[in-house]
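Per-entry structural report
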Amino acid sequence: MSERIKKWPGVELSAADLNEGKVTQTRFRPNAKYAWSAGEAMSRFLAELQNGRLIARTCHSCKRILFPPRMFCESCFRPTDEWTFIQDTGTIETFSISYLDTDAKRIPDPILVGVVSIDGASPKMGMMHYFGDMTKEQIRIGMRVKAVWRPWEERRGSVLDIRHFGPLKEDAK
Amino acid sequence: MRKVGVIGAGMTLFRRRLQETGKEMCFEATKMALDSAGLTRADIDMVVNGTAPDAFDGVHMKGEYLLDGCGGYRKPYTRVFTGGGTGVFSSIAGWWHVASGLADAVLVVNEEKMSSCQPHPQSVFAHIWDPILDRPLRPNLIWIFAMEMNRYMHVHGVKKEDIARVAVKNKRNAVGHPCAQLADPNITVDDVLNSEVMAWPVQRLDISPPSDGASAIVLASEDFIRRRKIKDRAWMSGVGWCIDSTMWTDRDLYFPEYVARAAQTAYKRAKISDPRRQIDFAEPYDPFDYKELHHLEGLLLARKGEAPILTREGVTERDGDLPVCPSGGLMGVGNPIAATMGQKIGELFWQLTNQAGKRQIPHEVHTGVAQAWGDLMQYGSVVVMSS
Amino acid sequence: MTFLDRTTDARRFRQWEGNMEADYIYTSGVAGERFFVALRDGGKMLASRCVACNLDYLPPRLFCEDCFAELSEFVDVPPEGRVAAVTMAHLDRRGTPLSRPQVWALVTFEGIRGGLVHRLLVPPAKARVGLAVRAKLKARGDRVGAVTDIEGFEPVRS
Ligand SMILES: [Zn+2]
Ligand SMILES: [Zn+2]
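This text gives an overview of the structure that appears in the document. Here the structure is a predicted model, which means the values were calculated and not measured. (Residues numbered from 1 in each chain as written. Chains lettered and ligands numbered in written order. Predicted model: local features only at pLDDT ≥ 70, side-chain atom pairs only at ≥ 80, totals over all residues. Heavy atoms only, no water.)

Focus on the overall build of chain B
For the record, the criterion: Numbering of helices and strands runs from the N terminus; a helix is a DSSP stretch of H or I covering at least four residues, while a strand is a stretch of E covering at least two. Throughout, the radius of gyration refers to the C-alpha atoms, and the reference size of a globule is 2.2 Å times the residue count to the power 0.38. Burial classification: accessible surface area is computed with a 1.4 Å probe over protein chains only, and a residue below 20% of its type maximum counts as buried, one above 50% as exposed, and the rest as partly exposed. Contact between two residues is taken to exist if any of their heavy atoms lie within 4.5 Å; hydrogens are not considered. Counted as positive: Lys and Arg. Counted as negative: Asp and Glu. His and the chain ends are not counted at all. Charge positions are represented by NZ for Lys, CZ for Arg, CG for Asp and CD for Glu.
Check the secondary structure of chain B and you find 15 helices and 12 strands. Over its C-alpha atoms chain B spans a radius of gyration of 19 Å, differing by no more than 12% from the 21 Å that the globule rule assigns to 387 residues. Its C-alpha atoms put chain B at 55 × 45 × 40 Å along the principal axes. Within chain B, the fraction of its 387 residues that count as buried is 72%. Counting only contacts in chain B whose residues sit at least 6 apart along the sequence, the fraction spanning at least 24 positions is 77%. One way to put it: in chain B the 44 positive side-chain charges average out to a point 4 Å from where the 46 negative ones average out.

Next up, the structure:
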């Protein structure tokens, strides 16, 4: 960068050099399968999703209602105290209009995805999810939304038991 | 604690694919850093390696795998890892080896070979998400940045044009960098705004590329520097690091609180009370163009929401009042995660010792700050360096 | 510290399953390219030489791990090596019993730092440290420039 350095090391390869085997190489596909234990807090959370409810944990020390629920408060560093149900409504904190799917492949109809802060939890505490029943022109930060649950028989105890969050019609309450 | 100086730096080309193995890249960068410090491997007491998840290179225990290329053979050797934050954090680990008095001369070597992962590192990025809360939604990594960018734009009413200016500045700055992967002297704001939408508001030219590359620095104690009569040195006057909650959906994404806390720690050590006045230039972490703005505010070099204005007014250009990413950053030089130490700590060293050549900031600079960011968007590492 | 809700029934715990999808291509690298091209096209093994340390490396390396010199000189590995260590595998990588045990060995060569781990092509009863061996290569047309171009090491019959 030194202006004193004349040669910068590195042999650049093209995609073809690699994919057409123009340089010697070894290929490997790991076959790693996992079963993650959901643990105490997440097991209850998933069970309640199957019941069509969102559940949080309270910390009596900092008075927060923690969502997603956890068995210890990371701030007070003590066990949390009680289970409490919160609403299935909330506010869009942020969102993205994604033209890429999970494998970075392009998709013609974009996915609406974002973070919803959930009513009844402490401020700004929420979860990531899809948005539906709205267009990419209609979605906006601050929009009020409500969980659209899958029918009971389709629920598996997963965040996907919520199909997406759709517009909340406040006056319909 | 003892004073610690950076006395040498080196890096490989940053490219989408390099033929060299990870160890060979490490060797090239390390050899260059040693040569520039006028030292040999025998002069080195301890070695620190920084490298991101094993799954990119596809080698488990990557630290162990890379050790001979890092010069670690039969020496005290440690790998450190704080996600993307490793780009600056590993130099902090090197700093504490010397500051504590345990070592006089230390090598810090960072590496990433992302081309091993096929067809794209995206497939393993999926595994940084929470397996129960996030992964069933089949998220794309870009989503999380898109959501953070959107929140930042929303809170401050930032326009995309002002964010695109960062991509333009950094890709142009990178023209003077011999290792740059994506330098472009002719890029315009319109090019960025018209590039393919990935996950709105993120477009293709808002993103730095995945890269192969390695970088290395040599650190030494004040005593060692005096004894060896080493002329080119820049002092690490302050270091700080901080991590926020792992529950990313519980944070307001508009402001990087963890960077601010890391910066405050570093500034206190460096006796900096007014960063905007006392810091001459900055190398914040810019894997996305908006991140430079976000981080400038976290580094307390701009008020909240002010970074886009400073950028629009040219303050952050290389010849501006506060040059930002004079290296060309990750946006222009490339993003081999941990190896971006080359554009961060390396650039501070080269600028402060007047070795930056075409990239040299035209006015005199005495103090710079480098920062990196990582884990699941909640880790900040900050280093202040002075001539 | 202990959780107030203590686990008394592990069956209440759920689990979440998944796998890690990733494919890898490993380039042989600069020194590795020399080694594998010579193996594929010339049917021979190369070591890289550090003149300063008077040392040869197998597999060849781009640099000397000791004096940190860049190595550009390559020498032929002698055809005959010796078994330095040996083991018998009764299970495959997934833990399934093999119908016949496989013999694996670390083969080293005189005056060369390093060596190769590979199949030892002898019955288990004949496997022993010190055995003189040489590489058995696949036919030229089947070689692709990878460590599997070597089928294994077989005893040198003299
Ligand atoms: Zn608490
Ligand atoms: Zn040597």
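Re the nonpolar core
Rules: Definition used in this section: a nonpolar core is a set of buried Ala, Val, Leu, Ile, Met, Phe, Trp, Tyr and Cys residues joined via side-chain atoms within 4.5 Å.
Ranked by internal contacts, the top residues of the largest apolar core, which has 150 residues, are Phe45(A), Phe131(A), Trp248(B) and Met385(B). The dominant element in this core, judged by the number of residues it contributes, is helix α6 (residues 141-156) of chain B, at 10 residues. Non-local contacts of Phe131(A), meaning those with residues more than four positions away in its chain, are made with Ile92(A), Thr94(A), Phe95(A), Leu112(A), Val113(A), Gly114(A), Val115(A), Val116(A), Ile139(A), Val145(A), His164(A) and Phe165(A).

Topic: the coordination of the zinc ion (ligand 2)
Residue and element names in this part refer to chain C. Keep this limit in mind: Metal coordination here is assigned from N, O and S atoms located within 2.8 Å of the ion, or within 3.2 Å for Na, K and Ca; omission of water means that sites may look incomplete. Irregular is the default label, applied whenever a site is not tetrahedral (four donors, all angles between 85 and 135 degrees) and neither square planar nor octahedral (four or six donors, opposite donors over 155 degrees apart, all other angles between 65 and 115).
Listed as protein donors to the zinc ion (ligand 2) are Cys-50 (SG), Cys-53 (SG), Cys-64 (SG) and Cys-67 (SG); their distances from the metal cover 2.3 to 2.4 Å. For the zinc ion (ligand 2), the four donor atoms in the first shell make angles of 100 to 116° at the metal, so the coordination geometry reads as tetrahedral. Mapped onto the polypeptide sequence, the residues donating to the zinc ion (ligand 2) form the spacing pattern C-x2-C-x10-C-x2-C. Taken together, the residues Cys-50 in strand β3 (residues 46-50) and Cys-64 in the loop between β4 (55-58) and β5 (73-76) connect sequence positions 14 residues apart. Taken as a pair, Cys-50 and Cys-64 share a single burial class, namely buried.

What to know about a nonpolar patch on the surface
Going by this rule: Only residues whose relative accessible area exceeds 30% and that take part in no salt bridge are eligible for patches, with like-charged residues grouped when within 9 Å of each other and nonpolar side chains (Val, Leu, Ile, Met, Phe, Trp, Tyr) grouped when within 5 Å. The method behind every accessible area is Shrake-Rupley, applied with a 1.4 Å probe, and residues are considered shielded solely by the protein chains displayed. Any carboxyl oxygen of Asp or Glu that lies within 4 Å of a side-chain nitrogen of Lys or Arg is treated as forming a salt bridge with it.
Together, Trp104(C), Leu106(C) and Val117(C) make up a nonpolar patch on the protein surface, roughly 250 Å² of accessible area in all. Within the element layout of this structure, Leu106(C) appears in strand β7 (residues 97-108).

With respect to the sheet that holds strand β5 (residues 117-118) of chain B
Two strands in a sheet stick together by hydrogen bonds in their backbones, pointing the same way (parallel) or opposite ways (antiparallel). Condition: Strand pairing is assigned whenever DSSP identifies at least 2 bridges connecting the two strands.
Strand order in this open sheet of three strands is β1(A)-β2(C)-β5(B), and the pairing throughout is antiparallel. What marks the edges here is a single partner per strand, and that holds for β1 (25-28) of chain A together with β5 of chain B.

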